[in-house]
Amino acid sequence: MMINLTDPKTDQVKQTKVGFSWTTFFFGFWPALFRGDWMWFAIMLVLEIVIGVPTYGIGAGITGIVFSFIYNKLYINELLGKGWVAADEHTKKVLITKGFIGPKK
């Protein structure tokens, strides 16, 4: 399910997916880099190196699987925390339904 968030200061619109991140599942930390999400890119990269090296890459795969379930939620929460808002009514309903924002926002 795709949602549209907009930055009220710049009118920039970002479209992102709610739920499981297939791109993170297949490509690990790279989607965070391409989205410009530097903090989570660095966290995922460091975790995959620290856990992956001693386990010959198996730990990096497990880290990728775990982040596949949570990364989109982390990314949306980060954007909302920076002041981004729902760009349309569909997005607002999805954000309320999934618990990202309260019904009053």
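Note that this is a predicted model, so its numbers are computed, not measured.

Visitor: Please explain the UniProt feature "transmembrane region" (unreviewed entry) in the protein chain as it appears in this structure.
Guide: The sites that UniProt annotates as "transmembrane region" (unreviewed entry) are residues 38-71. Helix makes up 85% of residues 38-71 and strand 0%. Its end C-alpha atoms lie 13 Å apart.

Visitor: What am I meant to see in the pairing of strand β2 (residues 13-17) here?
Guide: Regular strands place side chains that alternate from one sheet face to the opposite one. With five bridges joining them, strand β1 (residues 2-6) and β2 adopt antiparallel strand pairing. Opposite Asn-4, over in β2, you have Gln-15 as the bridge partner. Here β1 folds back onto β2 in antiparallel fashion, the turn holding six residues, of which Asp-11 has a positive phi close to 60°.

Visitor: What should I look at first to understand the nonpolar core in this one?
Guide: General note: in soluble globular proteins, nonpolar side chains tend to be found buried as a group. Grouped together as the largest cluster of nonpolar side chains are 19 residues, with contacts concentrated most on Ile-3, Leu-5, Met-44, Ile-76, Leu-80 and Leu-95. Here this core gets six residues from one element, more than from any other, and that element is helix α4 (residues 58-81). Dropping the residues within four chain positions of it, Ile-76 is found in contact with Ile-3, Leu-5, Thr-16, Lys-17, Val-18, Leu-95 and Phe-100.

Visitor: Honestly, a nonpolar patch on the surface in this entry has me stumped. Any pointers?
Guide: Taken together, the side chains of Trp-22, Phe-25, Phe-26, Phe-27, Trp-30, Phe-34, Ile-58, Ile-62, Ile-65, Val-66, Phe-69 and Ile-70 define a hydrophobic patch exposed on the protein surface, amounting to about 1,300 Å² of accessible area. The element best represented in the nonpolar patch is α4, accounting for six residues. Tracing the sequence through the fold places Trp-30 in helix α2 (residues 30-35). A relative accessible area of 40% places Trp-30 in the partly exposed class.

Calculation criteria
The numbers attached to residues start from 1 for each chain and follow its sequence in the written order. Two thresholds apply to this predicted model, a pLDDT of at least 70 for residue-level local features and 80 or more for giving and counting side-chain atom pairs, whereas whole-chain, interface and lining totals are computed over all residues. Calculated side-chain values reflect all of the structure's heavy atoms, with hydrogen atoms and water omitted. UniProt positions are given in the numbering used here, feature names are shortened, and annotations may be inferred rather than shown by experiment. Labels follow the DSSP assignment, with helices taken as runs of H or I lasting at least four residues and strands as runs of E lasting at least two, numbered in each case from the N terminus. Two strands are said to pair when DSSP picks up at least two bridges between them. Throughout, nonpolar core names a set of buried Ala, Val, Leu, Ile, Met, Phe, Trp, Tyr and Cys residues whose side chains join them through atoms within 4.5 Å. Using a 1.4 Å probe on the protein chains alone, a residue whose accessible area is under 20% of its type maximum counts as buried, one over 50% counts as exposed, and one in between counts as partly exposed. Contacts: residue pairs with any heavy atoms within 4.5 Å of one another. Only residues above 30% relative accessible area that lack a salt bridge enter a patch, with like-charged residues linked at up to 9 Å and the nonpolar side chains Val, Leu, Ile, Met, Phe, Trp and Tyr linked at up to 5 Å. In short, Shrake-Rupley with a 1.4 Å probe defines the accessible areas, and a residue's cover is counted only from the protein chains shown. Within this document, salt bridges are pairs made up of a side-chain nitrogen of Lys or Arg and a carboxyl oxygen of Asp or Glu, the two lying within 4 Å of each other.

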